[in-house]
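Given next are the chains, with one letter for each unit.
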Amino acid sequence: MAENDVTLFGRLKSKLIDAKQQWAEDGRLLTGKTAAHGQRLPPGQRKVETWPVLDLGVQPEIPLHAWRLFVDGAVEEPTTLKWGEFTDLPKVALTSDIHCVTAWSRYDNDWEGVSALELLKRVKPLPDARHIVFHSYDGYTTNVALEHFAQPDVLLADRWMGREISREHGGPLRVVIPRFYFWKSAKWVRRIEFVAIDKPGFWEVRGYHNEGDPWREQRYDTEGE
Ligand SMILES: Nc1nc2c(c(=O)[nH]1)N[C@H]1C(S)=C(S)[C@@H](COP(=O)(O)O)O[C@H]1N2
Ligand SMILES: [Mo]
C-alpha cells in the first residue's frame, strides 16, 4: 500500500511536550490583556523575522505518490484526494500573519493553496457538522469549529513565499488558520474529519485553549480556575 512509503524522521520530543504542558498549568506568558483585531501584534507576542519550526519532533516525509487527503465524517460527499487531484483544484494566494503560542509572530506570509471554502463546496457538510478535526501524518490532531474553518482566509497550503512548503514546515500540505494560534494550523495534514460533537486535539487535551484566539490571549484552558 502506498502509505507504507511514508517515512517518519526524528523522535517524539517527550520532554518538550511535558514542558509545554507545564506552561499551560503555570499560565506562562500570560499578560492578562486583550486587544482589538485592529492591533496587529496580539498581547504578549513579539515579532520575528525567521520562521521557527515547532512540532512533536517527528517529521513525516510523504512522497507525492503516497500522499492522500481524506475528507470524511459528517459530509454529503466524502472524498479522498491524490496529489494530482488536489493540485487540479482552483488555487488562491493570500498573505497572513502567524502567531505562535510560544510568543513569536511572523508577519506577511504569502501562501498559496486551496481555500477552505472551496473544499466545503465540494464535500458539502451535513447540517449536524459543527466541528472539524485535523489528523496529520505524524499522529498530531487539532480541532476547530466549522464556522471558523469556513472563512475566506483559511487555506490548505502547499506553497509559502513562492516555493513549495518544506517538509519541516508541514509540506507537501498544511492547514493555515491565521486568526488562531498556530498550533491550530496542522502540518502534514492527512485527514479532515467533520463531526457533530467537538473532539479536542493533541494540545487541547494538554491544557491549551479549545479556540485559541491570540487577541483574546486564549493560550490555555483556564476553565475551572
Ligand atoms: N502535524 C503537526 N502539525 C502541527 C504541529 C505538530 O506537532 N504536528 N505543531 C503545531 C504547532 S504547536 C505550531 S506552533 C505550528 C508550527 O509550524 P511551523 O513549524 O511551520 O512553524 O505547527 C502546528 N501544527
Ligand atoms: Mo506552537
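Computed from a prediction, not measured in an experiment: that's the story for all the values here.

Caption draft 1: Here's a closer look at the environment of Arg206. Its place among the elements puts Arg206 in the segment after β13 (189–195). Put simply, Arg206 and Tyr220 are 14 residues apart on the chain and 9.1 Å apart in space, counted from C-alpha to C-alpha. Once residues lying within four places of it in the same chain are set aside, the contact partners of Arg206 are Ile17, Gln21 and Ala24. At 2.9 Å, the side chain of Arg206 and the backbone oxygen of Phe202 are in polar contact.

Caption draft 2: Looking closely at the pattern of salt bridges. For the coordinates displayed, the defined rule picks out 16 salt bridges. In this structure, Asp153 and Arg179 form a salt bridge, with 3.7 Å as the shortest nitrogen-oxygen distance. Placement of the pair is Asp153 in the loop between α4 (146–149) and β10 (155–160) and Arg179 in the loop between β12 (174–176) and β13, with a sequence separation of 26 residues. What makes Arg179 partly exposed here is its relative accessible area of 25%. Each of the salt bridges in this network shares a partner with another, and the network as a whole consists of Asp72, Arg191, Glu193 and Lys199.

Caption draft 3: Representation of helix α1 (residues 14–26) within the structure. Here α1 is 13 residues long and its end C-alpha atoms lie 18 Å apart, about the 18 Å a rise of 1.5 Å per residue gives. For α1, every residue scored as buried is listed here: Ile17, Lys20, Trp23 and Ala24. Buried residues of α1, seen end-on, are gathered within an arc of 110 degrees and therefore sit on one face of the element. Residues of α1 that are exposed and angled more than 90 degrees away from the buried face: Lys15, Glu25 and Asp26. Directly beyond the C-terminal end of α1, a positive phi value near 65 degrees is found at Gly27.

Caption draft 4: Summary view of unusual backbone geometry. In the segment running from Gly171 into Pro172, the intervening peptide bond is cis, with an omega of 10 degrees. For Pro172, the location among the structural elements is in the loop between β11 (163–164) and β12. Despite not being glycine, Lys124 shows a phi value in the positive range, around 50 degrees. Relative to the helices and strands, Lys124 is located in the loop between α3 (116–123) and β8 (131–136).

Caption draft 5: Main features of the site of ligand 1. Taken together, 21 residues surround ligand 1, and among them Pro52, Asp138, His169, Arg174 and Lys187 come closest. A distance of 3.1 Å is found between an oxygen atom of ligand 1 and a backbone nitrogen or oxygen belonging to Leu56. For ligand 1, a nitrogen atom lies 3.0 Å from a polar atom in the backbone of Ser185. The protein chains hide 99% of the 530 Å² of surface that ligand 1 would expose on its own.

Caption draft 6: Summary view of the nonpolar core. Grouped together as the largest cluster of nonpolar side chains are 34 residues, with contacts concentrated most on Leu69, Phe86, Phe134, Phe149, Ile192 and Phe194. For this core, the secondary-structure elements that each account for two or more residues are β4 (68–73), α2 (83–87), α3, β8, α4 and β13. For this core, the leading source of residues is α3, giving four residues. Not counting residues within four places of it along the chain, the set of residues in contact with Ile192 comprises Leu69, Phe70, Val71, Asp72, Leu119, Ile132, Val133, Phe134 and Leu156. By size, the runner-up hydrophobic cluster in this structure holds 13 residues, among which are Val48, Trp111, Leu155 and Ile165.

Each value, and the rule that gives it
Residues numbered from 1 in each chain as written. Chains lettered and ligands numbered in written order. Predicted model: local features only at pLDDT ≥ 70, side-chain atom pairs only at ≥ 80, totals over all residues. Heavy atoms only, no water. Helix = DSSP H or I, 4+ residues; strand = E, 2+ residues; numbered from the N terminus. Contact = heavy atoms within 4.5 Å. Polar contact = N/O pair within 3.5 Å; in protein donor to acceptor, adjacent residues only side chain to side chain. Salt bridge = Lys/Arg side-chain N within 4 Å of Asp/Glu carboxyl O. Buried < 20%, exposed > 50% of the residue type's maximum accessible area, 1.4 Å probe, protein only. Expected span 1.5 Å × (residues − 1). Arc of directions from axis to C-beta. Near = heavy atom within 4 Å. Areas by Shrake-Rupley, 256 points an atom, 1.4 Å probe, with all protein chains shown as cover. Core = buried A, V, L, I, M, F, W, Y, C linked by side-chain atoms within 4.5 Å.

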